[in-house]
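# Remarks on the overall topology
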Amino acid sequence: MRFEQLRYLEAAVRTGSFRQAAKELDISQPTITNQVQRLEEDLGVVLVVRGAKGVRPTYAAERILPHVVAAVQAERLMREEASAIGGLKLGTVRLGTVPAGSQTILPGVVKRLLSDFPNVRFEVEEGPSKMVSRGVLSGHFDVGLVTRLAGIDLIPAEQALLHHVDLISGRLVLAVPENHRLASKDGFEAADLEGEPLIFPAETSILRTAFEQLLDGVEARIVYATNNAEASQNMVRAGVGICMANTLLSSTVSGNGVALVPLPYEWAHARISAIVRNDEARTSAVQAFLGLLRESAKNF
């Protein structure tokens, strides 16, 4: 049994396809198929069932998969730490981030890290906070950048497994058409949204959770849903309805047909935070990245 065989099995099970796993690992499909078969022979169990729709893990594979993932991670840590003995010569940072992270703190941090350590590589996926948190918890990401709101947790039972580093702050607002009655109204109450056409965010977005909390007890009239913050602003600009927005996003600006109405609630104070698993060893590349995030946050 070799480490690469474990990597091949993990990728095949995770992607559900030998072809996709081979593409991800930059090897040929026959190679990955052959090596998984050899691993099955070595362990004496069938690990994957092959079918027209790809591969799926057997009961045996599901039982040993946590150990496989741990072994793959351990090998990666060992190789990167060995290279770091003489300085950070190589490494990979597997990063999940909300769009606000990509638009604010990340550009400067990534530039500086790559300037200091040009052989470090980033693997990045962008999406809602819940997706990022789940990815960090599962080990798919080394680090995540998420949006956090005071008193609102997307996955409360699992928060204790994560270490949070608060970086930069913004706030949630309502984006309304400039000629809307709320644009000039002094003060705001949730009842003001009764019967108003609303543009809703994705289910896995923390904005969705905040919007639902705001509308508790209010008759909501949802006319459009989109995952794209800029698209939401364009809908408001066109007079389609009202959306909730985060001032940390570059698309959240007043003018050109849009007015921003502050939300007078404690939970409306938004933060971009870095998250890592509490119990996970971190490579030198990840440690350097976290250090630069903390340093950069002081200048925002």
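Please refer to the structure higher up on the page.
Report on the accompanying structure. Source: prediction; values computed, not measured.

### Regarding the overall build of the protein
On a plain count of helices and strands, the protein comes out with ten helices and eleven strands. Seen along its three principal axes, the alpha-carbon backbone of the protein occupies a region of about 70 × 45 × 35 Å. With the model as given, the accessible surface of the protein reaches about 15,000 Å², and the carbon-plus-sulfur share is 51%. Distance between charge centroids for the protein: 5 Å, based on 31 positive and 34 negative side chains.

### Points about a nonpolar patch on the surface
Side chains of M1, L43 and V45 sit close together on the surface and give an oily, nonpolar patch of about 270 Å² of accessible area. Of note, M1 is situated in the segment before α1 (3-15). Given a relative accessible area of 59%, M1 falls into the exposed group.

### Regarding the nonpolar core
Ranked by size, the top nonpolar core spans 27 residues in total, and within it L145, L167, F289 and L293 carry the most contacts. Listing elements by their share of this core, those giving two or more residues are β3 (91-97), α6 (106-116), β4 (120-126), β5 (143-149), β6 (162-177), β11 (269-277) and α10 (284-297). Within the second largest apolar cluster, 26 residues are counted, among which are F200, I206, F211 and V218.

### A look at the pattern of salt bridges
This model, assessed by the stated rule, comprises twelve salt bridges. The shortest N-O distance in the salt bridge between R50 and E40 comes to 3.4 Å. Separated by ten residues along the polypeptide, R50 in strand β1 (residues 48-51) and E40 in helix α3 (residues 29-43) bring together distant segments of the chain. Taking the relative accessible area as the measure of exposure, R50 reaches 38% and is therefore partly exposed. We classify E40 as buried; its relative accessible area is 11%.

Rules and cut-offs
- Residues numbered from 1 in each chain as written.
- Predicted model: local features only at pLDDT ≥ 70, side-chain atom pairs only at ≥ 80, totals over all residues.
- Heavy atoms only, no water.
- Helix = DSSP H or I, 4+ residues; strand = E, 2+ residues; numbered from the N terminus.
- Areas by Shrake-Rupley, 256 points an atom, 1.4 Å probe, with all protein chains shown as cover.
- Lys, Arg positive; Asp, Glu negative; His and termini not counted.
- Charge placed at Lys NZ, Arg CZ, Asp CG, Glu CD.
- Patch = residues over 30% accessible without salt bridge, like charges linked within 9 Å, V, L, I, M, F, W, Y side chains within 5 Å.
- Salt bridge = Lys/Arg side-chain N within 4 Å of Asp/Glu carboxyl O.
- Buried < 20%, exposed > 50% of the residue type's maximum accessible area, 1.4 Å probe, protein only.
- Core = buried A, V, L, I, M, F, W, Y, C linked by side-chain atoms within 4.5 Å.

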